[in-house]
Amino acid sequence: MNPVYIEDLDRHVGSDVWIHGWLYHKRSSGKIRFIVVRDGTGLVQGVVTPEAGPVAFELADSLPQEASLRVGGTVRAEPRAPGGFELAVSRLEPVHVPTTPFPIGPKEHGTGFLMDHRHLWIRSRRQTPILRIRDAVLWAIRSFFHERGFVATEAPVLVGTSVEGTTTLFPLDYFGNPAYLSQSGQLYLEATCAALGKVYWIGPVFRAEKSKTRRHLIEFWMAEAEQAFLDHEGNLALQEDLVRYVVEAVAAERQRELAELERDPALLLREVGERFARITYREAVALVRDSGVEMEFGDDFGAPAEDALSRHFGHPVFVERFPAAIKPFYMKRDPAQPDLALCADLIAPEGYGEIIGGSQRVDTEEELLAQLREANLPPEPYQWYADLRRWGSVPHSGFGLGVERTVQWLTGTAHIRETIPFPRTLDRLYP
RNA sequence: UCCCCGGUAGCUCAGUUGGCAGAGCAGCCGGCUGUUAACCGGCGGGCCGGAGGUUCGAGUCCUCCCCGGGGAGCCA
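Quick notes on the rules
- Residues numbered from 1 in each chain as written.
- Chains lettered and ligands numbered in written order.
- Predicted model: local features only at pLDDT ≥ 70, side-chain atom pairs only at ≥ 80, totals over all residues.
- Heavy atoms only, no water.
- Pairing = 2+ DSSP bridges.
- Helix = DSSP H or I, 4+ residues; strand = E, 2+ residues; numbered from the N terminus.
- Axes fitted to C-alpha atoms, helices over the stretch in contact; angles between N-to-C directions.
- Contact = heavy atoms within 4.5 Å.
- Near = heavy atom within 4 Å.
- Polar contact = N/O pair within 3.5 Å; in protein donor to acceptor, adjacent residues only side chain to side chain.
- Nonpolar A, V, L, I, M, F, W, Y, C, P; charged D, E, K, R; others polar.
- Buried < 20%, exposed > 50% of the residue type's maximum accessible area, 1.4 Å probe, protein only.
- Arc of directions from axis to C-beta.
- Parallel < 35°, antiparallel > 145°, perpendicular 65-115°, else oblique.
- Left-handed = near helix turned anticlockwise from the far one by under 90°.

K.L.:
Honestly, the sheet that holds strand β4 (residues 68–77) in this entry has me stumped. Any pointers?
P.N.:
Two pairing modes exist for strands in a sheet, parallel and antiparallel, and in both the strands are linked by backbone hydrogen bonds. Reading around the barrel, the five strands line up as β1-β2-β3-β5-β4 and close back on themselves, with mixed pairing between neighbours. Sheet twist, expressed as the mean angle between neighbouring strand axes with direction ignored, is 55°. Pairing of β4 with strand β5 (residues 85–96), which is carried by 10 bridges, proceeds in the antiparallel orientation. Across the sheet, G72 pairs through a bridge with R91, a residue of β5. Set on the sheet, helix α1 (residues 54–62) makes contact with β1 (16–29), β2 (32–38), β3 (43–48) and β5; between it and β2 the angle comes to about 65°.

As structure tokens, then:
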């Protein structure tokens, strides 16, 4: 008999079904025993009474946490059961019975302990909905771009040059030559967008920054897009459409998971319900200073400044036109004010920080070479990148969205390490 | 790299002016027919992160080191 998944139990009320899963938790009360089973799609309470037979009744008491099992019985609606449905168990078959106690109990644990057991922690009732929402975010990004005719393409992960700067690269040995793990696929997407028109990719990127905060990972996933003949204004519109699409998809498809995380989908929908705010860097600095956080024009936003911006608006806000001096070499200058870059960061609401960085790209070889010089970067490794400005250069723009930051916002998770199955952080490479 | 906090039972923690090493949970045994981190009774469980020092006596005070957590800078 094929098993039924717990998320589909509402369609099987009154039926006799099998569930294949793991024993999450159990409670015993003399002649009635409750087993909580998880199967990856959710949790369900099984009720075991002596009517299930002596073997099943005994197993309901003796099986330890995280025993794998097949359990059969009748589905019924039951208001006393968590989730509203329960299984009246008539059959219980162990698959594997652990002989040592599962390290992660139903009580509290410290972060260090949980991180040491991340491979087991992901089975817990707060972790599974976060990872399922992550899945929905990634799917929504893909379907958004697919619907708009973007071509999914790839950027290399092993690269010979830096995108963002040289201090934050992971060096490695490439058959005797220096190579690095990519910090961003952007430069390569600029090349493929000249071939395919509009492109995107979702992949891992690596920053060797000694960041030790709740919103940084050493290895994280970026969703990057690049479109030919797209200007700065069009770029912002595209980003706004993407973010709204993702939020609406998650709110619609992951209601149960959001509820398990006590995250209100109505709040998320309200946050993206109206047009995102747009302010210039200059306005943002003034706003930050008004809120009491010290900052000079020409500084990048620190965490307190970003928080102040984030909480000032009830929805995402674009901060446009940063001083070019604090932005990377590949951004096009604002023709009206050449000391500013045609760029924008998108700040998520509620203090979840920057989730997108994007810009119109420099599109003449002369400007590119000049800006490489200003950034003290050698032109040789960027020859191929300069070539894109030599043959059929077009105005083009793109952006990168931080997948984990987005998941963190949508799930309301305090620390970014819980938004990816195996986070890589400053002092942690295990498991 | 800098600042702050912590390391005591498998886990989460308490430990008084320096004076016999404690609790809850987990585990094991027993009880209970509607539990929701069930509850009730019982049992076992310790290199107090490491090294040195002060002291009659150190989990407790001092020095150094190791490890973890939180935050800053930088960024998505």
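K.L.:
Explain the sheet that holds strand β8 (residues 171–174) to me, please; I cannot follow it from the model alone.
P.N.:
Strand order in the open sheet made by the three strands is β7-β9-β8, with antiparallel pairing throughout. The two strands at the open ends of the sheet, each matched to only one other strand, are β7 (158–159) and β8. With four bridges joining them, β8 and strand β9 (residues 177–181) adopt antiparallel strand pairing. Each bridged residue has a counterpart across the sheet, and for L172 the counterpart in β9 is A179.

K.L.:
What is the right way to read the protein's contact with RNA strand B from this model?
P.N.:
In the vicinity of RNA strand B, 49 residues are found, and the nearest of them are H25, R214, E354, R405 and R417. For RNA strand B, the backbone portion of the atoms within 4 Å of the protein, that is sugar and phosphate, comes to 46%. At a separation of 3.0 Å, a base nitrogen of RNA strand B approaches a polar backbone atom of G30. Residue E86 places a side-chain N or O atom 2.6 Å away from a base nitrogen belonging to RNA strand B. In terms of residue class, the surface near RNA strand B is built from 15 nonpolar, 13 polar and 21 charged.

K.L.:
It is not clear to me how helix α9 (residues 281–290) should be interpreted in this structure. Could you clarify?
P.N.:
Owing to its 3.6 residues per turn, the α-helix brings residues three or four apart onto one side. Y281, A284, V285, L287 and V288 are the residues of α9 that are buried. When α9 is viewed along its axis, its buried side chains cluster within an angular range of 165° and face the same direction. α9 presents R282 and D290 as exposed residues on the side facing more than 90 degrees away from its buried surface. A positive backbone phi angle near 100° is found at G292, which sits one or two residues after α9.

K.L.:
Quick question: what am I supposed to make of the pairing of strand β10 (residues 198–206) here?
P.N.:
Within β10, eight of the nine residues are buried, leaving the element largely enclosed by the surrounding structure. Two strands pair when backbone bridges link them, and strand β6 (residues 151–152) and β10 are joined in this way by two bridges, in the parallel orientation. Within β10, the residue paired with A152 across the bridge is Y200. One ladder, built from nine bridges, connects β10 with strand β11 (residues 219–228); its direction is antiparallel. Residue pairing across strands places P204 opposite W221, the latter belonging to β11.

K.L.:
In this structure, what is going on with unusual backbone geometry? I would like to understand it.
P.N.:
Phi is mostly negative for residues that are not glycine, and the peptide bonds are mostly trans. Of note, the bond from Y430 into P431 is cis; its omega dihedral lies within 30 degrees of zero at 0°. The topology assignment puts P431 in the segment after α13 (403–411). Backbone geometry at F229 places phi at a positive 60°, although glycine is not the residue there. With respect to the element layout, F229 can be found in the loop between β11 and α6 (232–253). For F229, a relative accessible area of 65% translates into the label exposed. Look at N376: it is not a glycine, yet its phi comes out positive at around 60°.

K.L.:
I'm lost on the side chain of E418 in this one. Help?
P.N.:
For E418, the location among the structural elements is in the segment after α13. Among the polar contacts listed, one links the side chain of E418 to the side chain of Q127, at a separation of 2.9 Å. Beyond its immediate stretch of four places on either side in the chain, E418 contacts R118, W121, R126, Q127, I130 and T413.

K.L.:
Please clarify how the environment of W391 should be interpreted in this entry.
P.N.:
Looking at the secondary structure, you find W391 in the loop between α12 (383–387) and β18 (396–402). Taking relative accessible area as the criterion, W391 reaches 59% and is therefore assigned exposed. A C-alpha to C-alpha distance of 68 Å links W391 and T74, two positions 317 residues apart in sequence.

K.L.:
Explanation requested: the packing of helix α4 (residues 127–147) against α13 in the structure shown.
P.N.:
When two helices pack together, their arrangement is given by the angle between their axes and by how far apart the axes lie. For the pair α4 and α13, interaxial distance at closest approach is 10 Å and the crossing angle is 120°. In terms of orientation, α4 lies oblique with respect to α13. Seen along the crossing, α4 lies across α13 with a hand that is right-handed. Counted together, I130, I133, R134, V137, L138 and I141 of α4 and V403, E404, T406, V407, L410 and T411 of α13 form the full contact between these two elements. Of the residues in the contact of α4 with α13, the class split is eight nonpolar, two polar and two charged.

K.L.:
Sorry if this is basic, but what is going on with the environment of G400 here?
P.N.:
Take G400: it is sitting in strand β18. Under the relative-accessibility criterion, G400 is labelled buried at 10%. For the pair formed by G400 and Q239, sequence separation is 161 residues and the distance between their alpha carbons is 9.3 Å. Aside from chain neighbours lying at most four places away, what touches G400 is M222, A223, E224, I355, I356 and G357.

K.L.:
Mind showing me how you'd approach α1 here?
P.N.:
For α1, the complete set of buried residues consists of A56, F57, L59 and A60. Buried residues of α1, viewed axially, fall in a sector of 160°; they line one side. Opposite its buried face, α1 presents the exposed residues P54 and V55, each directed more than 90 degrees away. Structurally, α1 contributes buried residues whose contacts are with β1, β2, β3 and β5.

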